[in-house]
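Coordinates in review
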Amino acid sequence: MSLTVPNDLLDQARAGDVDDAAFVACVRESLPYAWSVISELVEQRDESGAEFADNQVPPPDEQARGELLRCLASDAMRGALERHFGVRLAFQNCHRVAVFAPSAGEALREFVTPRAQILNQKPELVDC
């Protein structure tokens, strides 16, 4: 299961729209590894002023890897985190998450190309 949903949030969803802040809190609590990677990248990008910051360290275990995959494969979760942090997220392989400024241009376009994906392949990532 992707998220551990508290009863009050489940009730909110049954009644209609879900509050973005409550959904983001659910993601943060349910997927702590994914949350920590993304929030640390946001801090790095903000501190450096660079167009983007990216993670190149593989997850410590399969549970952590699964968190990243679930979080970034979900349009709802990804969109909520982008709105929450005011960034654009991009993803390669099983762990290379990148956080871009909303105005990122060429760096983002390059990161999401087939060329960049191919150049990011490494033998140790075959099973990721």
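One can find the structure itself at the top, above this paragraph.
The present account deals with the structure reproduced in this document. Just so we're clear, the structure is a prediction, and the values are computed from it rather than from any experiment. Within any chain, residue numbers begin from 1 and follow the written order of that chain's sequence. Note on the predicted model: pLDDT of at least 70 is required for a residue's local features to be given, and 80 or more for side-chain atom pairs to be given and counted; whole-chain, interface and lining totals, by contrast, use all residues. Side-chain numbers here rest on the full set of heavy atoms in the structure, without hydrogens or water.

Glancing now at the pattern of salt bridges. Every case where a carboxyl oxygen of Asp or Glu lies within 4 Å of a side-chain nitrogen of Lys or Arg is listed as a salt bridge. Under the criterion given, the structure shown has seven salt bridges. We note a salt bridge from Arg 14 to Asp 11, for which the minimum N-O separation is 3.7 Å. Of the two residues, Arg 14 and Asp 11 both sit in helix H1 (residues 7-15), three residues apart, roughly one turn of that helix. The salt bridge partner of Arg 65 is Glu 62, with a shortest N-O separation of 3.1 Å. With a gap of three residues between them, Arg 65 and Glu 62 both fall in helix H4 (residues 62-73), about one helical turn apart. Numbering of helices and strands runs from the N terminus, with a helix taken as a DSSP run of H or I at least four residues long and a strand as a DSSP run of E at least two residues long.

Moving on to the packing of aromatic side chains. Geometrically, a pair of aromatic rings is defined through the distance of the ring centres and the angle of the planes. Each pair of aromatic rings taken from Phe, Tyr and Trp, with Trp reduced to its six-membered ring, is defined by centres within 6.5 Å and is described as stacked if the planes are under 30 degrees apart, edge-to-face if over 60, and tilted in the remaining cases. Taken as a whole and assessed by the stated rule, the structure comprises two aromatic pairs. Between Trp 35 and Phe 85, the aromatic rings sit 5.1 Å apart at their centres with planes inclined by 45°, giving tilted as the arrangement. In this pair, Trp 35 sits in helix H3 (residues 32-48) while Phe 85 sits in helix H5 (residues 75-85), placing the two residues 50 residues apart along the sequence. Using a 1.4 Å probe on the protein chains alone, a residue whose accessible area is under 20% of its type maximum counts as buried, one over 50% counts as exposed, and one in between counts as partly exposed. Relative accessible area serves as the criterion here: at 15%, Trp 35 is assigned to the buried category.

Below, the discussion takes up the pairing of strand S3 (residues 96-100). With five of five residues buried, S3 is to be regarded as a mostly interior element. Two strands pair when backbone bridges link them, and strand S1 (residues 52-54) and S3 are joined in this way by three bridges, in the antiparallel orientation. Bridge pairing links Asp 54 to Ala 98 in S3. Here five bridges tie strand S2 (residues 88-92) to S3, and the two strands are oriented antiparallel to one another. Whether two strands pair depends on DSSP finding at least two bridges between them.

Such coordinate-based values are descriptive only and should not be taken to indicate function.
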